[in-house]
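Coordinate inspection notes
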Amino acid sequence: MRYKTIFIYFFISVLPVCMALTGLSNLTPWIDEVMFIDTPMHFVKGMGWITHSWYSIANQEPFMLYPPLYSMILVPWMTTFGTSIFACRSLNVAITLFIGWGLIKVLQQLNLKISIIQILLLIIILWYTSDMVFMYSNGRPDLMGALLLVLIANEMIYAIKSGKRKWSIFVLSTLLMTTAIQTAVCLVLLLLLSFLGLDTYRKDIKCLAFLSVSGIFMGFIINCAFMAYHGHLMSFVVNIFSYSGSVKAIAAFILPMMGDGLGIDADYFMGKLSKMGIESPLYMRLITAFTRPAYLALLIADLVFLFLYLKSMKKEPCYMIIRYLFIMTISIPLLMVLAGRYESYYYWMAYLPLFLLTILLFKLPNYRWGCFIIAFSVLFILTHDRMHKDNNNYHELESFISHCAMLKDKKIIAPFSVFYEISKISNDTYYLGIFPPQDLPQNMDYIILSERSADYGNDRLYDYFEAVSQSDSLQLVLISENKCPELKVFQIKTD
C-alpha cells in the first residue's frame, strides 16, 4: 500500500512537473542564482573552480561565501543536461518533486493513511503556491536544504520507532550544513520546539538532537576547511555573522582574536561587518513573514477549522501531530526572524509543515465544513497568488545575444540578466553589479548596459561606464529588457 501511494504521487505529479519545466525560461536571471551557478559552469567548461560574479572576491577565485555542496552537485547535473537557463533551473524542479515524496514518507512513518484526495491536495499546494513557484524556478540551494530537512525528519521518526539507523541523522545533518546554513538554523529551532512540545519523547529527542548538532558542527568544520584551503575562511565567517544582530555582537569580540591567531588583519572584515545589517525593523519583518497571501490563506483556513472542531478533534489519534505541526507553522517565521533573517526563499520552512497540517485536516472524518474551508483557501491561492512566473521578453534577449558575433571570446562587463546567454559565447564575462571594479582585468572590450533600474546593482555599471567612457577601444551595447513591448538594442562605439 505504501509503494502504491508513492506511485500515485509520482504519476499525478507528471503534469505539474511538465508545467513547471515549460516556465523555467520565463523569469529573468537574478543575482543569487547567477552567483551559485557561475562556479560550476566554469568548472564544466574546463576552466577550474573559479568565478567572475561573486562579490568581494578578487582574482576570480572560487566563491567562498556559501557552503559549496549545491554548486558541487550542479557540476554533474550541468555536465549531463547542459548550462542553459532551463538546464540549471531544472535541478530545483527535480528537488521539489522529491520534497513532496519526502512529505508523504513522513506521514507514512507516522502510520497515517493517505488518500488520493490528500495526495492531490499536496500536489496542488506544493506546485502552485506562488512562493513555491518562485523557489523552484531559480538556482538557489534552499530547496536542497529543504529536502535534506524532510529526510532528517523521516529518519528521526524511524529512529524513535525502531531505534535503528541513527547514524543517518548525523550524516544528513552534516550534508545539511554544507548545503544551506540557514536550514541548519531551522533544524536547531525545530529540535527545540520538539523538545518543548513533545514531552513524551524528550529522551529520544535529546539523543537525536545530539546527533544532529554533532552533524551540523562537522559540516561547519568541513565548510571552514574548504574555505581555508581556498584562502577565504575569514570572508566565510564574516558572511555568517552578518545575518544576525546578536551574532554580529559576538563577532565583534571574536574576529579580532581570530585574526591575531591566524595572522590576518581583521580590520577590513570588521569594517565590512559593520556595514552589513538588517535594515527593516523587527515588527516590519514579522508583518512581512506572516502576511504572505498563500501562507495566510491556508493558515486562516486551518485556524477556523481547529476552532470549530477543537473539542472533538482532541479525540483523534493524530491530534498530537496536528498540534505540533500548527506550532511549527506559527513558530518558525517568528523564530527565524529573531534568529536573523527570514527571506522569501526561506518561506518553505513554514510552508512544508503548513502543507502537512492542511492535508491532515482535510481528511478528518465528519468535518465537511472544514474541508470546504480548506478547499476554498486553496482556490484563493490559485486565483489570487501569482501562479506563473513573470513573463518578459527574455526569449527575445536570448535570440539577440545569440546573433552577437562581435561578442565572441571578448572581455565583457554585463548585468546578471544576460548571464546565461553571454556565457555561451564568452568565458571572460564579469558582473559589475557587485563585482569590485578594482579587480576587473584591464582593457575590457564591451560593456552591456540594461535600463538603470532593471538589475540589482545596475547603477554601478553606469558609474563604471561613465568612469571609463573615454576609452578608445571600449564598445557599448544597450539593451532594454522590461519597459518596452519590443526589445530595442543599440551598439555604440565610445569616443
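Please read all numbers here as calculations on a predicted model, not as lab measurements. (Residues numbered from 1 in each chain as written. Predicted model: local features only at pLDDT ≥ 70, side-chain atom pairs only at ≥ 80, totals over all residues. Heavy atoms only, no water.)

**A closer look at the packing of aromatic side chains**
In this description, an aromatic ring pair is defined by two values, namely the gap between the centres and the angle between the planes. Selection criterion: A pair of Phe, Tyr and Trp rings is counted when the ring centres sit within 6.5 Å of each other, with Trp represented by its six-membered ring. The angle between the planes then sorts it: under 30 degrees is stacked, over 60 is edge-to-face, the rest tilted. Helix and strand definitions here come from DSSP, where helices need a minimum of 4 consecutive H or I residues and strands a minimum of 2 consecutive E residues; each element is numbered from the N-terminal end. Residue burial is assigned from relative accessible area. The probe radius is 1.4 Å, only protein chains are included, and a residue is buried under 20% of its type maximum, exposed over 50%, and partly exposed in between. Two conditions define a charge located above a ring, namely a distance within 6 Å from the ring centre to NZ of Lys or CZ of Arg, and an angle within 35 degrees of the ring normal.
Evaluation of the coordinates by the stated rule reveals 11 aromatic pairs. An angle of 20° between the planes, with centres 6.2 Å apart, marks the rings of Phe7 and Phe11 as stacked. One end of the pair, Phe7, and the other, Phe11, are both in helix α1 (residues 2–22), 4 residues apart, so they sit about a helical turn from each other. Residues Tyr9 and Phe10 carry aromatic rings whose centres are separated by 5.2 Å and whose planes lie at 65° to one another, so their mutual orientation is edge-to-face. With a relative accessible area of 26%, Phe10 lands in the partly exposed category. Three or more aromatic residues joined by ring pairs form one cluster here, namely Tyr9, Phe10, Phe98 and Trp101. The side chain of Arg165 reaches across the aromatic face of Tyr158, ending 3.9 Å from its centre. Over the ring of Phe195 we find Arg202; its NZ or CZ atom is 5.0 Å from the centre of that ring.

**Considerations on the confidence of the model for the protein chain**
The line we're drawing: Per-residue confidence from the predictor is reported as pLDDT, a score between 0 and 100. In what follows, a contact means two residues having at least one pair of non-hydrogen atoms within 4.5 Å.
Mean pLDDT over the protein chain works out to 78, with 74% of the residues at or above the 70 mark. Within the protein chain, strand β5 (residues 488–493) has the poorest average pLDDT of any element, 38, and helix α8 (residues 167–177) the best, 95. Predicted confidence for residues 480–495 stays below pLDDT 50, and this span has 49 contacts to residues more than four positions away or in other chains.

**Observations regarding the layout of surface pockets**
Convention followed: Definitions used throughout: a 1 Å grid over protein atoms alone; a cavity as a set of points that fits a 1.4 Å probe which cannot get out; a pocket as an open set with protein on both sides within 12 Å along at least five of seven lines; a lining residue as one with an atom within 4 Å of a point. Grid points are joined across faces, edges and corners, and a volume is the space filled by probe spheres set on the points. Polar here means any residue other than Ala, Val, Leu, Ile, Met, Phe, Trp, Tyr, Cys and Pro, which are nonpolar, and Asp, Glu, Lys and Arg, which are charged; Gly is therefore polar.
When its volume is computed, the second largest pocket comes out at roughly 880 Å³. Lining of the second largest pocket is provided by 34 residues; of these, Leu110, Ala153, Ile157, Leu198 and Tyr324 occupy positions nearest its centre. Elements with a minimum of two residues in the lining of the second largest pocket: α4 (85–109), α7 (142–162), α9 (181–197), α10 (202–229), α17 (319–339) and α18 (348–363). With 8 residues, the single largest contributor to the lining of the second largest pocket is α7. Residue classes in the lining of the second largest pocket are distributed as 30 nonpolar, 3 polar and 1 charged.

**Some remarks on the pairing of strand β3 (residues 446–449)**
The cut-off we apply is this: A pair of strands is considered paired only if DSSP assigns at least 2 bridges between the two.
Side-chain alternation along β3 places Tyr446 and Ile448 on one buried face and Ile447 and Leu449 on a second face that is also buried. Where strand β1 (residues 412–413) meets β3, 2 bridges bridge the pair, whose relative direction is parallel. Counterpart to Ile413 in the pairing with β3 is Ile447.

**Comments concerning the pattern of salt bridges**
Note the following rule: We count a salt bridge whenever a side-chain nitrogen from Lys or Arg sits within 4 Å of a carboxyl oxygen from Asp or Glu.
Scanning the model with the defined rule gives 6 salt bridges in all. In this structure, the salt-bridge partner of Asp32 is Arg140, at a minimum N-O distance of 2.5 Å. In this pair, Asp32 is assigned in helix α2 (residues 31–44) and Arg140 in the loop between α6 (130–136) and α7, connecting sequence segments 108 residues apart. In this pair, the class of Asp32 matches that of Arg140, namely buried. Two residues, Glu421 and Lys424, come together in a salt bridge whose shortest N-O distance is 2.9 Å. In this pair, Glu421 and Lys424 are both assigned in helix α21 (residues 419–425), 3 residues apart and thus about one turn of the helix distant.

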